[in-house]
Amino acid sequence: MEYIILGCTLLLLVVFVMCKEYISTRNLQRRFLEKVFEIYGVPPERDYRAEEMEHIRMYYLKHPLPHQIDDITWDDLDMDSIYRSINVSGSAAGDEYLYYMLRSPVYEPEKMEHLEELIRHFMKNSQDRQAAQRILFGLGRMGKYSIYEYLENLDTLGERSSGKYLLSDLMIFVCIAMMFGSLPIGVVCLLGVLCYNITGYFREYKEIEPYITSFRYINRLLSSAEQLGRSRIGGISMEKERLLECFGSMKSFIRDTYLIVFTEKGNGNPLGVLVDYLRMVFYLDLIQFNKALHAVRGHMPEIDEMITLLGQLDAVVTIGSYRNSLQEGYCIPSIRFGQGAGRHMTIEQVYHPLLADPVKNSISADKGVLLTGSNASGKSTFLRAVAVNAVLAQTIHTCLARCYEAPAWRIYSSMSLRDDLVSGQSYYMVEIRSIKRILDQVKEAAKEHSYVLCFVDEVLRGTNTVERIAASTQIMKMLSLGNALCFAATHDVELTKLLESEYDNYHFEERIEEDDIFFPYKLMEGPATTRNAIALLKMLGYDERIISDAEAMAGKFLAGGGWQR
């Protein structure tokens, strides 16, 4: 009787601890979900680890498409920062798919129409959106690495057999049987087998531990796919059908990995501790791992499709949140698809997404745009504002402008270049290679009847004045041919005359008042007529002799066309 009472007490204690932990976990999840719902439409405040962006880009690297945003353009436009200013995804799949979207312009109208339908549905239907967010929150993140990094390395494990684990399990039962013949011998043998098994377990587990993390994520993928597929969420019938098909082909994976994902190792839960010891003694999760490994290798397409579908749904919720967070406003872009789209582009009241108090500008371009103006007047910022919005228009179908009309572009830039010390290339070599890739795209696009939008900041700044102006003129002419539209900024005012038939001239200017300089950042027609480089030296307290002599030299050059000391 006493033993029964003691057993019942221990059982009640275990149940109490498990219930307490369950309630605590549920409350924590509920509070976190409430926070997720509250930040919808609010700019994200997430902190990113130094190496996190390298893992977030893995889906993009595994899904190459023609004419994605290349690394030079991505870095020129600081798209990592723009990605971080948009992303409020609740899962790793959402993180990676949103990054992929921002690097993959859409060139098919049907795909863009479907994307817009999804975005609008979740923006208008908060119950469906929150139901999707709740499921995607359960999917969560991987932790340190991308699921694709784990899947890529599965081949390093080779073919794994569970035969030796089953033999070790059999030895335990043999030792137990020996105890009926000779208790001391049976106990000694059993202890020896247990020590061997536990020691071997830790050695084997260390090798597969990273992949167990990925199997837990695949398990959550399947669970999320089933929940979304069977949910009453509207507007995603096609996605739900495909998710259920993927789940159906892999649903046995949940059963086959039950002990792997049942509890986290070392979590202090009494039942979890018991399961941990059973794992170690009988190699339970190692046996299940080998079975699951075979299943994963045979269902890579289904895993990839689930990541794609769940990531896309998470991303479209994020895009809706981003639209609602834009205090300066946004528009749905009008994009012309097909060969006869023409290269005409109109943007009204466009602004840069990373500026807290942006000055908005408008432009309508049928041919190239050449920007001149003084230092810090806004040329480069305007180029980036137009370029970033062209990318956003064709990726997340959202423009930070009052109006955006343009064809579907291949988008390239050559703006924020620097010397490549590793390969030993000078700035000039890096620059001409960068521009050459754009020229190649212009030629290819002309053959395929598609359109190129390119941005060049200070073309050929890495060489001498005479050759720079001569070569820049010819390069800029090539960038204006056929189906290409080029936006370029320069300090070489000579180009405004040399290229006036190929490019429309615009400029930014400054105002100097009472020994101070002000920049209105407003785009104006025509070439620049003012200079401020020497004035800035004066404002920073340079020697008066430097200022006066420099002004005299500049005046003589402008009057006579030659330099005199």
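This write-up is about the structure you can find in this document. (Residues numbered from 1 in each chain as written. Predicted model: local features only at pLDDT ≥ 70, side-chain atom pairs only at ≥ 80, totals over all residues. Heavy atoms only, no water.)

Points about the packing of aromatic side chains
Part 1 of the reasoning: All chains considered together, the criterion is met by 19 aromatic pairs.
Part 2 of the reasoning: Ring geometry for Trp74 and Tyr99: centres 4.9 Å apart, planes at 55°, overall tilted. Taken as a pair, Trp74 in helix α4 (residues 71–76) and Tyr99 in helix α6 (residues 92–102) lie far apart in primary sequence, 25 residues in all.
Part 3 of the reasoning: On the accessibility criterion, Trp74 (2% relative accessible area) is buried.
Part 4 of the reasoning: Exposure remark for Tyr99: the relative accessible area of 2% places this residue in the buried category.
Part 5 of the reasoning: Through successive ring pairs, a cluster of aromatic residues spans Tyr48, Tyr60, Trp74, Tyr83 and Tyr99.
Part 6 of the reasoning: Taking NZ or CZ as reference, Arg84 lies 6.0 Å from the ring centre of Tyr48, over its face.
Part 7 of the reasoning: The ring of Tyr40 is capped by Arg129, whose NZ or CZ atom sits 3.6 Å from the centre of that ring. (Phe/Tyr/Trp six-rings, centres within 6.5 Å; stacked < 30°, edge-to-face > 60°. Helix = DSSP H or I, 4+ residues; strand = E, 2+ residues; numbered from the N terminus. Buried < 20%, exposed > 50% of the residue type's maximum accessible area, 1.4 Å probe, protein only. Lys NZ or Arg CZ within 6 Å of the ring centre and 35° of its normal.)

Some thoughts on the environment of Pro527
Part 1 of the reasoning: Within the secondary structure, Pro527 is located in the loop between β12 (524–525) and α22 (533–539).
Part 2 of the reasoning: C-alpha separation for the pair Pro527 and Leu495, spaced 32 residues apart in sequence, amounts to 9.7 Å.
Part 3 of the reasoning: Setting aside residues no more than four positions away along its own chain, Pro527 makes contact with Thr372, Thr496, Asn505 and His507. (Contact = heavy atoms within 4.5 Å.)

A word on the sheet that holds strand β5 (residues 403–407)
Consider a sheet: its strands pair through backbone hydrogen bonds, and that pairing is either parallel or antiparallel.
Part 1 of the reasoning: Spatially, β1-β5-β2-β3 is the arrangement adopted by the four strands of the open sheet, whose pairing is mixed. Here the strands that pair on one side only, and so sit at the sheet edges, are β1 (334–336) and β3 (361–365). Each strand axis lies, on average, 10° off the axis of its neighbour in the sheet, ignoring direction.
Part 2 of the reasoning: As paired strands, strand β2 (residues 345–350) and β5 are joined by three bridges and run antiparallel to one another. Within β5, the position partnered with Thr346 by the bridge is Glu405.
Part 3 of the reasoning: Against the sheet, helix α18 (residues 379–395) makes contact with β1, β2, β3 and β5, and its axis sits at roughly 110° relative to β2, the strand it touches most. (Pairing = 2+ DSSP bridges. Axes fitted to C-alpha atoms, helices over the stretch in contact; angles between N-to-C directions.)

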